[in-house]
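Here's the letter readout for the chains.
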Amino acid sequence: MSTPARPLRVALDVSAMRLGSAGVARTIVQLADAIDAKPDVDVIRLGLGTPPKSGSAARRALALRLDLEWYPRGARREAAARGADVLHLPLPRGPLSPGSPPTVITVHDLAVVRYPETLSGWNRRYSQRTLRRVLTAADAIVAVSEDTAADLAAFAPALTDRVHVITNGVEEF
């Protein structure tokens, strides 16, 4: 008699939920719930914590800590420590070099490339400096639309074999 395969362990970065409740944060909640519903997958939520008050120094400090430590090194380190098979970061922030566990990065749009003036100063500068490295380090890239996939192909043509179009599937509220 064969032993049943153990569930796939997906470390899902939920840290964006600490900075807001709309957009990517809403997508993360529903993605985690959908993955949890699959019997052959275990979700490990990474980056949990109390959201700081909007506009506070603590909130700005958290955003900096996430960008400077958590995404480049901390998320992968925590995923590995918790036995994850794969790390999924649902926004284009993440490790700057390849490693283990393998990473999946979701890209919702390339506003930083196409419309940089629409981003805050820090977000624009950080994203412009790290986006190509994050994408290059990722083992797979999820584009949420064909338009985003086309933007990625124009921005980083060498990575098109890693891009998979998977639309967001959130419930109405």
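Model, not experiment: these values are computed from the prediction. (Residues numbered from 1 in each chain as written. Predicted model: local features only at pLDDT ≥ 70, side-chain atom pairs only at ≥ 80, totals over all residues. Heavy atoms only, no water.)

Asks: Describe the sheet that holds strand E1 (residues 8-13), listing the residues and the values that go with them.
Replies: Across the sheet, 6 strands lie side by side as E2-E1-E3-E4-E5-E6; this open sheet has parallel pairing. A strand with exactly one partner marks an edge of an open sheet, and here the two such strands are strand E2 (41-46) and strand E6 (163-165). Between one strand and the next, the sheet's axes are offset by a mean angle of 25°, whatever the strand orientation. Contacting E1, E2 and strand E3 (86-89), helix H1 (residues 24-36) crosses the sheet at an angle of about 150° to E2. Against the sheet, helix H2 (residues 57-81) touches E1, E2, E3 and strand E4 (103-107), its axis set at about 145° to E3. (Pairing = 2+ DSSP bridges. Helix = DSSP H or I, 4+ residues; strand = E, 2+ residues; numbered from the N terminus. Axes fitted to C-alpha atoms, helices over the stretch in contact; angles between N-to-C directions. Contact = heavy atoms within 4.5 Å.)

Asks: Give a detailed account of the packing of aromatic side chains, specifying residues and quantitative values.
Replies: By the definition in use, this model includes 1 aromatic pair. Between the NZ or CZ atom of Arg132 and the centre of the ring of Phe155, over which it lies, the distance is 4.1 Å. (Phe/Tyr/Trp six-rings, centres within 6.5 Å; stacked < 30°, edge-to-face > 60°. Lys NZ or Arg CZ within 6 Å of the ring centre and 35° of its normal.)

Asks: Would you mind going over the pairing of E4 in detail, with residue names and values included?
Replies: The buried fraction of E4 amounts to 5 of the 5 residues, a majority that puts the element mostly inside the structure. Neither face of E4 is left uncovered, since the one carrying Thr103, Ile105 and Val107 and the one carrying Val104 and Thr106 both have all their residues buried. Of the pairings in the sheet, the one linking E3 to E4 comprises 3 bridges and is parallel in character. The residue of E4 that forms the bridge with Leu89 is Ile105. (Buried < 20%, exposed > 50% of the residue type's maximum accessible area, 1.4 Å probe, protein only.)

Asks: Now, about the side chain of Arg59: what can you tell me, with residues and values included?
Replies: Within the element layout of this structure, Arg59 appears in helix H2. For the buried Arg59, which has no salt bridge, the nearest side chain bearing the opposite charge is Asp67, at an N-O separation of 12 Å. Among the polar contacts listed, one links the side chain of Arg59 to the backbone oxygen of Pro52, at a separation of 3.0 Å. Not counting the four nearest positions on each side in its chain, Arg59 is found in contact with Arg18, Leu19, Gly20, Pro52, Lys53 and Ser54. (Lys, Arg positive; Asp, Glu negative; His and termini not counted. Salt bridge = Lys/Arg side-chain N within 4 Å of Asp/Glu carboxyl O. Polar contact = N/O pair within 3.5 Å; in protein donor to acceptor, adjacent residues only side chain to side chain.)

Asks: So what's going on with the pairing of E1? Residues and values would help.
Replies: Where a strand is regular, its side chains alternate between the two sheet faces. Pairing analysis gives 6 bridges linking E1 to E2, with the strands arranged parallel. Of the residues in E2, the one forming a bridge with Leu8 is Val41. Handedness of the crossover joining E1 and E2 through H1 is recorded here as right-handed. Alignment of E1 against E3, held across 3 bridges, turns out to be parallel. (Right-handed = clockwise from strand over helix to strand, strands pointing away.)

Asks: Report on the layout of surface pockets, specifying residues and quantitative values.
Replies: Considering only enclosed or pocket space, the largest pocket measures out at about 720 Å³ in volume. Taken together, 29 residues line the largest pocket, and the ones lying closest to its centre are Leu19, Val24, Leu91, Arg93 and Asn123. Every element with two or more residues in the lining of the largest pocket is listed here: H1, H2, helix H3 (111-114) and helix H4 (121-137). Looking at which element gives the most residues to the lining of the largest pocket, the answer is H2, with 6 residues. Its residues assigned to classes, the lining of the largest pocket shows 16 nonpolar, 8 polar and 5 charged. Its boundaries defined by the atoms lining it, the second largest pocket holds a volume of some 240 Å³. Along the wall of the second largest pocket there are 14 residues; nearest its centre are Leu31, Ile166, Thr167, Asn168 and Gly169. With 4 residues, H1 is the largest single contributor of residues to the lining of the second largest pocket. Looking at side-chain class alone, the lining of the second largest pocket contains 6 nonpolar, 8 polar and no charged residues. (1 Å grid on protein atoms, 1.4 Å probe; cavity = no way out; pocket = protein on both sides within 12 Å on 5 of 7 lines; lining within 4 Å. Points joined across faces, edges and corners; volume = space filled by probe spheres on them. Nonpolar A, V, L, I, M, F, W, Y, C, P; charged D, E, K, R; others polar.)

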